[in-house]
Amino acid sequence: MELRQGVIQRILLFAVLSSASPCLLAQHHLSGGVESNSVYYQDDRKTGAAVPENNLGSNNYFKLDYQYHKFSAGIQYEAYLPVLQGLPTALHGSDLVLKYASFQDSNFRVTAGDFYEQFGNGLVFRAYEERALGLNTALEGIRASYSFGNGIRLKALAGRPREFMDRAESVVKGASVQVDWTTLLGLNRSSFTTEANYINRYVSYTGQAAIDPNVNAYSFGGNWVAGGFSLEGEYAYKTNDPGAYNGQANKDGSALLLRAGYTASGFGSLLSFRRLEYMQFGTSRGIAGIGRDLNYLPALTRQYSYSLANLQPHNAMGNSEIGGQLDLHYRLKRGSWLGGRYGASVALNASTYYNLKGDVVGGYAFLDKGDTRYYQDINVDVEKKISPSLQLLLLYSNQVYNPIVIGKVNTLYFSQVAVADLTWKVSAVRSFRFEMQHLWSNDYQKNWAAGMAEFAISPAWTCFVGDMYNYGDTDTHYYNGGCSYTVSRTRLALNYGRNREGVICAGGVCLYMPAYTGFNLSLISSF
């Protein structure tokens, strides 16, 4: 504890000395940020929300980065006093969890310490941070990369993944080769790049069972762009990795991700396809989940900001899933019959996912879907400027959700959601925003209604009140209200209300959260 305090005191002293000296500032660059998110919990008989052992939860982060010419270094200090309810309880106490030093010139870069990294689309490896979910899988070790002038880039790394406040028992090693064929071949009408990646996870084993301590994963991908057309693909393969998350199946894994897109004036489209088979890849043997995943398998569906449309989000099934997503966007021109005076934009999105056809014993078909539908969403929205001061968005979504994706019973919930979002700009700095939402369903908790009113004085103040009401089953109001104040690079927000039990998602990765009621105070500041 004394050593930790000594480290923090030296860091703060360095920050003060650097900021106090104009000469130092001319040669050095110091940046950082503070983030604090605290909740004071209250009992709520109506929602079943209970106060945890400590009625105050608080997640706190302090980050400091320093740069001098080609050299950079940084730290991140975290304190969970205690961790917010619903996030992994292995996040406890406080520690200097991230520290790094890096050197970079025009072609070569080396980093020692903790770092984030992603190979390809993350099918075999991604080390990243997502604070909303209590997730941080930074690798502690060394990474080096070299870029040749002809479009070839090599990268290698080795280290131990972070696992909450500690390190995983595994050692991870990897390499990546990226080739920019546009530069290598002198192409001028198209762009073409390829990438080959390798990851090894080693966990020592001294037991009697025939378990290989090494799990190897490979991926090969490419990206081609010509005019308005684009094609992208990546295939991944992983050697067998029996664990609780795949039923101890001694099977190799694979993943296929394909994307095709086209853009033109006022139009954009993207079609995605993904197949997953035994692709959950934990930081340690037999363990995976939030904070313990070595790769990245997000839900490839529309990520909503509206509460009722996001009531039952999809959670990717890494061991058996096949499906895809289509995005279409079209801009209606100003002065046209449909676009009107100010024009309008129309977006269509559709996604559906099933299990793979087959079973563990007989194996799975490569492209055939099974009988279990995990998720489906077909939605359309129209956004239109009505007048110089009024902006309207209308959204309709038809959803099918299977709670098996969060470990519950295999059944289907059908729902329809409608949203109206109106923004009224009263003046250059003042505006109102109103949301009205409704969800129709004959399943689970049936019908919902929601509304929200927001007032903003830009760029400083934003205040809102809202309610999400389940009148089809529980007769429960989930009310919320609060204000935020922003000055320069600092934002302070205070909210109060009820939060329902359910799944929250960030970046397509989801976590099940218990219901809670209380005050939420958050502070974000950077320098």
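1. Description of the overall build of the chain
No. 1: Looking only at helices and strands, one finds three helices and 31 strands in the chain.
No. 2: Dimensions of the chain along its principal axes, counting C-alpha atoms only, are 65 × 55 × 55 Å.
No. 3: Split into buried and exposed, the 527 residues of the chain put 43% on the buried side.
No. 4: Excluding contacts between residues fewer than 6 apart, the proportion of contacts in the chain whose partners are at least 24 apart in sequence is 54%.
No. 5: For the chain, the accessible area works out to roughly 26,200 Å², and carbon and sulfur atoms hold 59% of it.
No. 6: The averaged location of the 42 negative side-chain charges in the chain is 6 Å from the averaged location of its 45 positive side-chain charges.

2. Some remarks on the pairing of strand β17 (residues 253–264)
No. 1: For strand β16 (residues 229–238) and β17, the ladder comprises 10 bridges, and the chain directions are antiparallel. Bridging from a neighbouring strand, Tyr235 pairs with Leu256 of β17.
No. 2: Hairpin remark: β17 followed by strand β18 (residues 267–277), antiparallel, with two residues in the connecting loop; positive phi at Gly266, about 80 degrees.

3. Some points on the layout of surface pockets
The gaps of empty space that remain are located by a probe, the size of a water molecule, rolled over the atoms.
No. 1: The volume enclosed by the second largest pocket comes to roughly 440 Å³.
No. 2: Along its surface, the second largest pocket is lined by 21 residues, and Gln280, Gly289, Asp293, Asn315 and Ala316 are the ones closest to its centre.
No. 3: In terms of residue class, the lining of the second largest pocket is made up of 13 nonpolar, seven polar and one charged.

4. Re the nonpolar core
No. 1: Judged by nonpolar contacts, the single largest core of 27 residues is most densely connected at Val124, Phe125 and Ile199.
No. 2: When contributions to this core are tallied by element, the ones reaching two or more residues are β15 (214–226), β17 and β21 (363–387).
No. 3: Of all hydrophobic cores here, the second largest spans 23 residues; its members include Tyr80, Tyr100, Tyr296 and Val509.

5. A word on a positive patch on the surface
No. 1: On the surface, Arg331, Arg334, Lys385 and Lys425 cluster together into a positively charged patch.
No. 2: By secondary structure assignment, the location of Arg334 is in the loop between β19 (320–332) and β20 (344–359).

6. Points about the side chain of Asn60
No. 1: Among the structural elements, Asn60 can be located in strand β2 (residues 56–68).
No. 2: We classify Asn60 as buried; its relative accessible area is 18%.
No. 3: Polar side-chain contacts of Asn60 include one of 2.6 Å to the side chain of Ser36.
No. 4: If we ignore the near neighbours within four places in the chain, the residues touching Asn60 are Glu35, Ser36, Tyr77, Glu78, Ala79 and Leu81.

7. Regarding the state of the cysteines
No. 1: Evaluated as defined, the whole model comprises two disulfides.
No. 2: Across a sulfur-sulfur distance of 2.1 Å, Cys463 and Cys483 are joined as a disulfide pair. Across the S-S bond linking Cys463 and Cys483, the dihedral sits near 115 degrees, which makes this disulfide right-handed. With a gap of 20 residues between them, Cys463 in strand β26 (residues 461–470) and Cys483 in strand β27 (residues 476–487) connect regions that are remote in the sequence.
No. 3: Using a relative accessible area of 32% as the deciding quantity, one classes Cys483 as partly exposed.
No. 4: A sulfur-sulfur distance of 2.0 Å marks the disulfide that ties Cys505 to Cys510.

8. Topic: the packing of aromatic side chains
No. 1: Under the criterion given, the structure shown has 20 aromatic pairs.
No. 2: In this structure an aromatic cluster arises from ring pairing among Trp424, Phe432, Phe434 and Phe455.
No. 3: Over the ring of Tyr128 we find Arg126; its NZ or CZ atom is 4.0 Å from the centre of that ring.

9. Points about the pattern of salt bridges
No. 1: Inspection of the entire model under this criterion finds 20 salt bridges.
No. 2: Note that Arg259 is salt-bridged to Glu232, the shortest N-O span being 3.4 Å. With Arg259 in strand β17 and Glu232 in strand β16, this residue pair connects regions lying 27 residues apart in the sequence.
No. 3: With relative accessibility at 21%, the residue Arg259 sits in the partly exposed group.
No. 4: Within the structure, one salt-bridge network assembled from shared partners comprises Lys99, Asp114, Glu140 and Arg167.

10. Some words on a nonpolar patch on the surface
No. 1: A cluster of nonpolar side chains, namely Leu184, Leu185, Leu187, Phe192, Trp224, Phe229, Leu231, Tyr262, Phe267 and Tyr330, defines an oily patch on the protein surface of about 880 Å² accessible area.
No. 2: Looking at the element boundaries, Phe229 is found in strand β16.

11. Here's the deal with unusual backbone geometry
No. 1: The peptide bond linking Leu81 to Pro82 adopts the cis configuration, its omega dihedral lying at -15 degrees.
No. 2: With respect to the helices and strands, the residue Pro82 is situated in the loop between β3 (71–80) and β4 (93–104).
No. 3: In this structure, the amide linkage connecting Ser458 to the following residue, Pro459, adopts the cis form with an omega of 0 degrees.
No. 4: Inspection of the secondary structure assignment puts Pro459 in the loop between β25 (448–457) and β26.
No. 5: In the Ramachandran plot, Tyr278 falls in the positive-phi region, its phi being about 50 degrees despite a non-glycine side chain.

12. A short note on the side chain of Glu435
No. 1: Within the fold, Glu435 resides in strand β24 (residues 430–440).
No. 2: Once residues within four sequence positions are removed from consideration, Glu435 is found in contact with Tyr306, Ala420, Asp421, Ala450, Gly451 and Met452.

13. So, the confidence of the model for the chain
No. 1: Summing up the model confidence of the chain, the mean pLDDT is 92 and the portion of residues at 70 or higher is 94%.
No. 2: Throughout residues 12–21 the model reports pLDDT below 50, and contacts reaching past four residues in sequence, or to other chains, amount to eight contacts.

14. Looking at the environment of Ile75
No. 1: When you line up the elements, Ile75 lands in strand β3.
No. 2: Remark: the alpha-carbon pair of Ile75 and Val97, spanning 22 residues in sequence, is separated by 7.7 Å.

Reading the values: rules and limits
- Residues numbered from 1 in each chain as written.
- Predicted model: local features only at pLDDT ≥ 70, side-chain atom pairs only at ≥ 80, totals over all residues.
- Heavy atoms only, no water.
- Helix = DSSP H or I, 4+ residues; strand = E, 2+ residues; numbered from the N terminus.
- Buried < 20%, exposed > 50% of the residue type's maximum accessible area, 1.4 Å probe, protein only.
- Contact = heavy atoms within 4.5 Å.
- Areas by Shrake-Rupley, 256 points an atom, 1.4 Å probe, with all protein chains shown as cover.
- Lys, Arg positive; Asp, Glu negative; His and termini not counted.
- Charge placed at Lys NZ, Arg CZ, Asp CG, Glu CD.
- Pairing = 2+ DSSP bridges.
- 1 Å grid on protein atoms, 1.4 Å probe; cavity = no way out; pocket = protein on both sides within 12 Å on 5 of 7 lines; lining within 4 Å.
- Points joined across faces, edges and corners; volume = space filled by probe spheres on them.
- Nonpolar A, V, L, I, M, F, W, Y, C, P; charged D, E, K, R; others polar.
- Core = buried A, V, L, I, M, F, W, Y, C linked by side-chain atoms within 4.5 Å.
- Patch = residues over 30% accessible without salt bridge, like charges linked within 9 Å, V, L, I, M, F, W, Y side chains within 5 Å.
- Salt bridge = Lys/Arg side-chain N within 4 Å of Asp/Glu carboxyl O.
- Polar contact = N/O pair within 3.5 Å; in protein donor to acceptor, adjacent residues only side chain to side chain.
- Disulfide = S-S within 2.5 Å.
- Phe/Tyr/Trp six-rings, centres within 6.5 Å; stacked < 30°, edge-to-face > 60°.
- Lys NZ or Arg CZ within 6 Å of the ring centre and 35° of its normal.
- pLDDT = per-residue confidence, 0-100.

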